Amino acid sequence: VQLQASGGGLVQAGGSLRLSCAASGSLISIDAMGWYRQAPGKQREFVAAITLGAVIDYADSVRGRFTIYIDNAEKTVYLQMNNLKPEDTAVYYCNAGGRASSPQYWGQGTLVTVSS
């Protein structure tokens, strides 16, 4: 399974970005996709996840600002990020696996920088 993420960039606080992550390869075992992030000097943390059956979970820190959705046909997961804050600055990593709580595959990170 290969995951290709894109969509990061520099945005001012209050702005929006959309990340996307396309999965390819042998996808028969994939039932969930999602995003983690890692800020400088911090551990990687959960952001959001979605199953192919559209069960969704968010970290409390992004709930109400971020929206995750998936195109099942294209095996692409999106993360719409609104009202971005400087503390959202991080490298965002997409992931996929058989369960939302147990990512097995990881994409390359995409950097999101939010300026104040």
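Caption draft 1: Up close: the overall build of the protein. Secondary structure assignment for the protein yields 0 helices and 11 strands. Walking the protein from its N terminus toward its C terminus, one meets helices and strands in the order β-β-β-β-β-β-β-β-β-β-β. Here the protein has a C-alpha radius of gyration of 13 Å; the compact-globule value for 116 residues is 13 Å, and the two agree. Dimensions of the protein, computed from C-alpha atoms along their principal axes, come out at roughly 45 × 25 × 25 Å. Among the 116 residues that make up the protein, the fraction classed as buried is 41%. When contacts within the protein are restricted to residue pairs at least 6 apart in sequence, long-range pairs at least 24 apart make up 53% of them. Carbon and sulfur atoms make up 48% of the accessible area of the protein, which amounts to about 5800 Å² in all.

Caption draft 2: Examining the side chain of Arg37 more closely. With respect to the helices and strands, Arg37 occurs in strand β4 (residues 32-38). Looking at Arg37, the relative accessible area reads 5%, which means it is buried. Within the local environment of Arg37, its side chain forms a polar contact with the side chain of Glu45, the two groups lying 2.7 Å apart. In terms of polar contacts, Arg37 uses its side chain to reach the side chain of Ser61, at 3.4 Å. Leaving out residues up to four positions away in the same chain, Arg37 has contacts with Gln43, Arg44, Glu45, Val47, Ser61, Val62, Phe66, Glu87, Asp88, Ala90, Val91 and Tyr92.

Caption draft 3: Representation of the packing of aromatic side chains within the structure. In total, this model carries 3 aromatic pairs according to the counting rule given. Ring geometry for Tyr36 against Phe46: centres 5.7 Å apart, planes inclined by 80 degrees, an arrangement best described as edge-to-face. Taken together, the residues span a long stretch of sequence, with Tyr36 in strand β4 and Phe46 in strand β5 (residues 45-51) at a distance of 10 residues. Between Tyr69 and Tyr78, the aromatic rings sit 5.0 Å apart at their centres with planes inclined by 20 degrees, giving stacked as the arrangement. By relative accessible area, Tyr69 is classed as partly exposed at 33%.

The rules we used
Residues numbered from 1 in each chain as written. Predicted model: local features only at pLDDT ≥ 70, side-chain atom pairs only at ≥ 80, totals over all residues. Heavy atoms only, no water. Helix = DSSP H or I, 4+ residues; strand = E, 2+ residues; numbered from the N terminus. Rg over C-alpha atoms; globule rule 2.2 N^0.38 Å. Buried < 20%, exposed > 50% of the residue type's maximum accessible area, 1.4 Å probe, protein only. Contact = heavy atoms within 4.5 Å. Areas by Shrake-Rupley, 256 points an atom, 1.4 Å probe, with all protein chains shown as cover. Polar contact = N/O pair within 3.5 Å; in protein donor to acceptor, adjacent residues only side chain to side chain. Phe/Tyr/Trp six-rings, centres within 6.5 Å; stacked < 30°, edge-to-face > 60°.

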